[in-house]
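Each chain is listed here by its residues.
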Amino acid sequence: MKYLKKVFIWVILISIILIIFVMRQDDVIMELYDEECHIKIDNKEITILNNREERLDTYILKEKIRGYSIGDIDGDRLDELILLTKGRMNRWGKEIVILKLGQKIEEIYREDFSKLKPWKVALGDIDGDGKSEVSIGVYKKTQFHDVMAKRPFIYSYEGHRLVPKWKGSRLSKPFTDYVFYDIDEDEMDEIISIEVLENKEKIVNTYKWEGFGFQGFLESKSFIDIRDLKVIDGCVYVQIKEKGDTYIGELKIKDNNLIIERVNIR
Ligand SMILES: [Ca+2]
Ligand SMILES: [Ca+2]
Ligand SMILES: [Ca+2]
């Protein structure tokens, strides 16, 4: 009996170690940023590797990474990596760190945004000038909307700093998440958001930049639940929950309607 107990404890311990190992593996993300190089993002460590998997440079942050986005924010045709670091207690993010990616990694900007309770960083070229704007998803009140809510603030990177471009009070409804994507192929990115209706059902909504603010564009029909908004390989996907059915759908415009087409991917 004693022997069995020992075996049982060992099995449990080994299982826990395996689970931790697998979870840690999940944290490693590979991102391609030009034809020759890719980066590996692992916890606090960012490594540039070439096509032969040779390490070109490594950058180590003090804090863990909560979110990131890659794109050209200054129009020099080199991508930047924009990171949001984790704050204390991990509920909100803390600093925005911008790294220029070439053969080497160069930190070009760092600022503490913890007062705004940041929870997301996303990039999109909303005005089509070839430079991506930096959006920081914040959780706060604004002058015109005195309620704590998620809001997508927009900045442009000018003169080596992030300059506010739009600190609008909110989107048309409360939202759970957003990304930027050129849904109508006019070379300007729209905001694509998952929004919550009064009856708690959800819709996908889209907005176009109109020079001084965002204008509602197309919205989908409503579903019991919509989650997991992602841009993968140039397509936007969401997970849809309908009565007795859950599936992945791809966002498309058809006959001037925003539709979510079922696809067979996981
Ligand atoms: Ca750049
Ligand atoms: Ca732009
Ligand atoms: Ca567009």
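The structure reproduced in this document is the subject of the present report. Note that the coordinates shown come from a computational prediction; the quantities given were computed from them, not determined experimentally. (Residues numbered from 1 in each chain as written. Chains lettered and ligands numbered in written order. Predicted model: local features only at pLDDT ≥ 70, side-chain atom pairs only at ≥ 80, totals over all residues. Heavy atoms only, no water.)

## Looking at the sheet that holds strand E20 (residues 257–263)
Reading across the sheet, the 4 strands line up as E17-E18-E19-E20 and stay open at both edges, with antiparallel pairing between neighbours. Each of the sheet's edge strands pairs with one partner strand only, and the pair in question is strand E17 (225–232) and E20. Within this sheet the neighbouring strands show an average axis-to-axis angle of 35°, counted without direction. Alignment of strand E18 (residues 235–242) against strand E19 (residues 245–254), held across 6 bridges, turns out to be antiparallel. Bridge pairing in E19 places Ile 240 opposite Tyr 247. (Pairing = 2+ DSSP bridges. Helix = DSSP H or I, 4+ residues; strand = E, 2+ residues; numbered from the N terminus. Axes fitted to C-alpha atoms, helices over the stretch in contact; angles between N-to-C directions.)

## Quick notes on the packing of aromatic side chains
Inspection of the entire model under this criterion finds 9 aromatic pairs. Taking 5.7 Å as the distance between ring centres and 85° as the angle between the ring planes, the aromatic pair formed by Phe 113 and Tyr 155 counts as edge-to-face. On the criterion of sequence distance, the pair formed by Phe 113 in the loop between strand E8 (105–112) and strand E9 (120–124) and Tyr 155 in strand E11 (residues 145–158) is long-range, its members being 42 residues apart. Here the two residues Phe 113 and Tyr 155 agree in accessibility, since each one is buried. Feature note: the residues Trp 119, Phe 175, Tyr 178 and Phe 180 constitute an aromatic cluster, connected by ring pairs. In this structure, Lys 150 is placed above the aromatic ring of Trp 119, and the distance from its NZ or CZ to the ring centre is 4.2 Å. Lying across the ring of Tyr 247, Arg 262 places its NZ or CZ 4.0 Å from the centre. (Phe/Tyr/Trp six-rings, centres within 6.5 Å; stacked < 30°, edge-to-face > 60°. Buried < 20%, exposed > 50% of the residue type's maximum accessible area, 1.4 Å probe, protein only. Lys NZ or Arg CZ within 6 Å of the ring centre and 35° of its normal.)

## Description of the coordination of the calcium ion (ligand 2)
Those protein atoms acting as donors to the calcium ion (ligand 2) are Asp 125 (OD), Asp 127 (OD), Asp 129 (OD), Lys 131 (O), Glu 133 (OE) and Glu 133 (OE), and they sit at 2.2 to 2.6 Å. Around the calcium ion (ligand 2), the 6 donor atoms are arranged such that angles at the metal cover 52 to 177°; this shape is classified as irregular. In primary-sequence terms, the residues that donate to the calcium ion (ligand 2) follow D-x1-D-x1-D-x1-K-x1-E. (Donors = N, O, S within 2.8 Å, 3.2 Å for Na, K, Ca; no water. Tetrahedral: all angles 85-135°; square planar, octahedral: opposite > 155°, others 65-115°.)

## Describing the pairing of strand E13 (residues 175–181)
Of all the 7 residues making up E13, 6 are buried; the element is thus mostly covered by neighbouring parts of the structure. Here 6 bridges tie E13 to strand E14 (residues 190–196), and the two strands are oriented antiparallel to one another. Looking across to E14, one finds that Phe 180 is bridged to Ile 191.

## Notes on the environment of Asp 76
Structurally, Asp 76 is set in the loop between strand E5 (65–71) and strand E6 (80–86). Taking the relative accessible area as the measure of exposure, Asp 76 reaches 33% and is therefore partly exposed. The spatial distance from the C-alpha of Asp 76 to the C-alpha of Ile 16 is 47 Å, given a sequence separation of 60 residues. Only 2.9 Å separates the side chain of Asp 76 from the backbone nitrogen of Leu 78, close enough to count as a polar contact. (Polar contact = N/O pair within 3.5 Å; in protein donor to acceptor, adjacent residues only side chain to side chain.)

## Describing the sheet that holds strand E12 (residues 161–166)
A sheet is described by the order of its strands in space; here 4 strands give the open sequence E9-E10-E11-E12, paired in antiparallel fashion. Edge positions in the sheet fall to E9 and E12, since each of these pairs with one other strand and no more. Each adjacent strand pair in this sheet contributes to an overall mean axis angle of 40°, direction not counted. The pairing of E11 with E12 spans 5 bridges and is antiparallel.

## Comments concerning the coordination of the calcium ion (ligand 1)
With distances of 2.2 to 2.6 Å, the protein atoms coordinating the calcium ion (ligand 1) are Asp 72 (OD), Asp 74 (OD), Asp 76 (OD), Leu 78 (O), Glu 80 (OE) and Glu 80 (OE). Counting the intervening residues between successive donors of the calcium ion (ligand 1) yields the motif D-x1-D-x1-D-x1-L-x1-E. Overall, Glu 80 belongs to the buried group, its relative accessible area being 0%.

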